[in-house]
Amino acid sequence: MIGQQLAGNLVNGFVLGGVYGMATMGLSLIFGVLKIVNVGHGAFIMVGAFITLWMFSSLGMSPVFALPVALITGMALGFLIFSTVLRRLIKAPELASLLATFAIGMLLEEIAKNLFGTEFRGYNWETGKLVLPMTVLPMSKIYAFAGSVAITVLMYFWFKKTRAGTAVRSVVEDSDGAQVCGVNVSWVYALSFAIGIGLTVLSGVLLTMFIPVGINPYMGGSYTLKAFVVAVLGGLASPYGAFFAGLAFGLIENGSYTVFAALPGVEPFALTRFISFVMLLVILLIKPTGLLGAK
Amino acid sequence: MKAKHTKYLPLLPVSCAYFILFLIGKNVAGMWQLMAMLAFYCALGQAFNIFIGMTGYVDFGYVAFLGVGTYGMALSVSRLAGFPNLGLGVVVIGLILSFVMAGALSVAVGAVALRLRGAYFAIATVGVNEGFRYLIEGARIWGGAEGIIFSGQLTETLGRDTASSLSTFWADVMVMIVAVIAAVITVGYMRGRVGYALTALREDEDAAKVMGINVTKYKIIAFITSASLAGLLGACAWALKVMYVFPPEAFQIQYTIEAIIIVVLGGAGTLLGPVVGGLIYGLSKYWLAVVMPGFQLLIFAPIVIFIVVAFPEGVVGWVKRRAKGTAIQSYLL
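Here the structure is a predicted model, which means the values were calculated and not measured.

## Focus: the overall build of chain A
If you tally the helices and strands in chain A, you get 11 helices and two strands. Counted from the first residue to the last, chain A has its helices and strands arranged as α-α-α-α-β-β-α-α-α-α-α-α-α. Taken over C-alpha atoms, the radius of gyration comes to 19 Å for chain A, in line with the 19 Å a tight globule of 295 residues would show. Expressed as a percentage of its 295 residues, the buried residues of chain A come to 52%. Taking as baseline every contact in chain A between residues at least 6 positions apart, the subset at least 24 positions apart corresponds to 78%.

And the structure:
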């Protein structure tokens, strides 16, 4: 009985984990290139979720169409934020960029609050179900997972095979060296930030498949924490390390939920969230460069 | 090197500010609540500044220490209610417990997080608040998600009149006292070994290490001090005022946000900054809540972004730079 429950939750965790991984790639990319931690990360996920909700309920369009809209909106937002604020903070002490990204996240949340109110919303995208021996999965979750994998693969090839991707990698390696070799470093900063934010907003679209009624201006907070755990697990500066770390995190999160639910006298949901914090501290303590894929 | 007696001169404007708040509240009818709120914001900034201002590290989980302090007072009052002849002793024990519990949590968090540098430290602290709240709710510690309501026990132990004057007057006075203590400690640190070590760290952590400064030690000192004071604030400003504690309220990230705004606005790492920041923030929040409720953060978020980009030294930092070489200089720190 518990075995079947565990298997079912692990399948769910794997599927959700893929989306977690994709939702963290933007954070890792921005940290890798700009050495800036986007503390307002979750707020951009929230923007993606609201775009999906709005397109679905007001325009009657399927979330598939929300993907390009979210990516473009996110990239535009990224360019705007970079050119007005973060461009001036690249060489500033960490305190400045941490406070600035935090305040930007707060601003987005407050704008959303004033536009949409604070109640939890959701939408219902009928896509049929996939029946497995241990669990039943809505097809929408499978699509979200497939989307995450596809985006990660595309990002991988963009990184490894294109000129722009090579320029980005060179800046991650050594920004002064890249400058000397003729790479336009400030352009790489702007591009990476825009793509990072674009990916994050995009991931908000995919995440809505997992939260039937969980869209709210302040929903991002818990994803910021999860994204930090995943990013640190995958080696902060490694975007595709983040993807595999996301899978691992999804499995651990849902697996530990099943275990806690079997224990008497505890709240499994709250304890699961405590576990993600403990994981964060433990990984930072043993190996701050990440458990997966880093030297 | 400055003469000994001028060392504590900058405390004068700070203490005056709190004393004026106290006098206005005491003598002008209907002003006590507002003055108490302003004093709380100044005190919050003053305590937070000891860590964020002096080290340049951002602690996004700061409110957890206030939350734990609130629990310290709640536990003392509710668990010791049965003992006879304790009277106000429960409050004293509560204050000590709040101080110690917040300090202990900060040792636990600091032992892990303060080994990490800048950005990694900030990442580690983002979870502290949520993590601790969900530990209390999840493992059903201290009443779990239901929290502790202790207004009954407090009235029972102290009598109705004492309990009510404690919660409506003395709790706020204690907040002001904590604020002044925080200011004294700030001066002591800034003008002493801790301050010099932390200035070196803020400028260049590696260089400071090479010079033989035990940076981790001084970071931990600042972290524990700041956290323990937060514990006292939680006990006075929250536990004694509302007489219950409830995890979602005690660990509301809102207060970390407010503390950050206050410190940045006034000037991080200055003594007078939190007072100026606290007054500006408190008054404008109060005013905005009247003119356009619900918009406070929408207005403050861009202000923080603007200050960080264009004006990183804050109000007091700016004044301090302008006042260099004048008579005012010795009163500013």
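Now that the structure has been shown, we can carry on.
## Considerations on the overall build of chain B
A tally of helices and strands in chain B yields 15 helices and two strands. For chain B, the C-alpha atoms occupy an extent of roughly 55 × 45 × 45 Å along the three principal directions. Considering chain B as a whole, with its 333 residues, one finds that 52% of them fall into the buried category.

## Quick look at the interface of chain A and chain B
With 37 residues of chain A at the interface, the matching set in chain B holds 34 residues. Only helix H4 (94-116), helix H9 (220-233) and helix H11 (268-286) of chain A provide two or more residues apiece to the side of chain A that touches chain B. Looking at the side of chain A that touches chain B, the element that brings in the most residues is H4(A), giving 13 residues. Its residues assigned to classes, the side of chain A that touches chain B comprises 29 nonpolar, three polar and five charged.

## Describing helix H13 (residues 273-291) of chain B
Residues and elements named next belong to chain B. An ideal rise of 1.5 Å per residue puts 27 Å on 19 residues; H13 measures up with 26 Å between its terminal C-alpha atoms. Turning to H13, its buried residues are Gly-273, Pro-274, Val-275, Val-276, Gly-277, Gly-278, Leu-279, Tyr-281 and Gly-282. In this structure, the buried side of H13 is in contact with helix H1 (11-27), helix H2 (32-55), helix H12 (254-266) and helix H15 (314-322).

## Here we look at unusual backbone geometry
The backbone phi angle of Lys35(A) is positive, close to 60°, even though this residue is not glycine. Here Lys35(A) is to be found in the loop between helix H1 (2-34) and helix H2 (41-57). Positive phi, normally seen in glycine, also occurs at Met243(B), with a value near 60°. Along the chain, the position of Met243(B) falls in the loop between helix H10 (215-242) and strand E2 (244-245). With 22 C-beta atoms counted inside 10 Å, the residue Met243(B) sits in the buried group.

## Focus on helix H7 (residues 160-190) of chain B
Its 31 residues place the ends of H7(B) 43 Å apart at the C-alpha level, agreeing with the 45 Å of an ideal helix rising 1.5 Å per residue. The largest bend in H7(B) amounts to roughly 50° and is located at Leu166(B).

## Notes on the packing of H1(B) against H2(B)
Residue and element names in this part refer to chain B. Relative orientation of the contacting elements H1 and H2 amounts to 160°, with a least axis distance of 8 Å. Taken as axis vectors, H1 and H2 run roughly antiparallel relative to one another. The handedness of the crossing between H1 and H2 comes out as left-handed. Contacts from Tyr-18, Leu-21, Ile-24 and Gly-25 of H1 reach H2 at Trp-32, Met-35, Ala-36, Leu-38 and Ala-39. The residue makeup of the contact of H1 with H2, split by class, is eight nonpolar, one polar and no charged.

## Focus: the nonpolar core
Membership of the largest hydrophobic core comes to 217 residues, with the highest contact counts inside it found for Leu99(A), Ala39(B), Ala43(B), Val175(B) and Leu233(B). Broken down by element, the residue count for this core peaks at 16 residues, all from H2(B).

## A closer look at the confidence of the model for chain B
Chain-level statistics for chain B give a pLDDT mean of 83 and a share of 98% at 70 or above. Across the interfaces of the predicted complex, the ipTM metric reaches 0.83, alongside a pTM of 0.84.

## Some thoughts on the environment of Lys141(A)
Residues and elements named next belong to chain A. Here Lys-141 is to be found in helix H5 (residues 139-161). Given 21 C-beta atoms within a 10 Å radius, Lys-141 is considered buried. Separated by 69 residues in the primary sequence, Lys-141 and Phe-210 place their C-alpha atoms 6.7 Å from one another. Residue contacts for Lys-141: discarding those within four places in its chain leaves Val-15, Met-209 and Phe-210.

## Points about the packing of H11(A) against helix H5 (residues 118-138) of chain B
Between H11(A) and H5(B), whose axes approach to 8 Å, the crossing angle comes to 150°. On the basis of their axis angle, the class for H11(A) and H5(B) is roughly antiparallel. When the axes of H11(A) and H5(B) are compared, the crossing they make is left-handed. On the side of H11(A), the interface is formed by Ala270(A), Leu271(A), Arg273(A), Phe274(A), Phe277(A), Val278(A), Leu280(A), Leu281(A) and Leu284(A), while H5(B) contributes Tyr120(B), Ala124(B), Gly127(B), Glu130(B), Gly131(B), Tyr134(B), Leu135(B), Glu137(B) and Gly138(B). For the contact of H11(A) with H5(B), the residue count by class is 12 nonpolar, three polar and three charged.

## Considering the confidence of the model for chain A
Regions with low pLDDT carry predicted coordinates that are not meant to be interpreted in detail. Residue-level pLDDT values for chain A average 86, and 97% of them are 70 or greater. Considering each helix and strand of chain A separately, the mean pLDDT is smallest for H11(A), with a value of 81, and largest for helix H3 (residues 63-84) of chain A, with 93.

## Description of the environment of Leu130(A)
Residues and elements named next belong to chain A. Structurally, Leu-130 is set in strand E1 (residues 129-131). Given 12 C-beta atoms within a 10 Å radius, Leu-130 is considered exposed. Look past the residues within four positions of Leu-130 in its chain and what remains in contact with it is Leu-137, Met-139 and Ile-142.

## Digging into the environment of Tyr218(A)
Secondary-structure assignment places Tyr218(A) in the loop between helix H8 (185-207) and H9. Considered as a pair, Tyr218(A) and Pro239(A) are 21 residues apart in the sequence and their alpha carbons are 25 Å apart.

Rules of the game
Residues numbered from 1 in each chain as written. Chains lettered and ligands numbered in written order. Predicted model: local features only at pLDDT ≥ 70, side-chain atom pairs only at ≥ 80, totals over all residues. Helix = DSSP H or I, 4+ residues; strand = E, 2+ residues; numbered from the N terminus. Rg over C-alpha atoms; globule rule 2.2 N^0.38 Å. Buried ≥ 20, exposed ≤ 12 C-beta atoms within 10 Å, placed from the backbone. Contact = placed C-beta atoms within 7 Å. Nonpolar A, V, L, I, M, F, W, Y, C, P; charged D, E, K, R; others polar. Expected span 1.5 Å × (residues − 1). Bend = angle between axes of the 7 residues up to and from the residue. Axes fitted to C-alpha atoms, helices over the stretch in contact; angles between N-to-C directions. Parallel < 35°, antiparallel > 145°, perpendicular 65-115°, else oblique. Left-handed = near helix turned anticlockwise from the far one by under 90°. Core = buried A, V, L, I, M, F, W, Y, C linked by C-beta atoms within 7 Å. pLDDT = per-residue confidence, 0-100.

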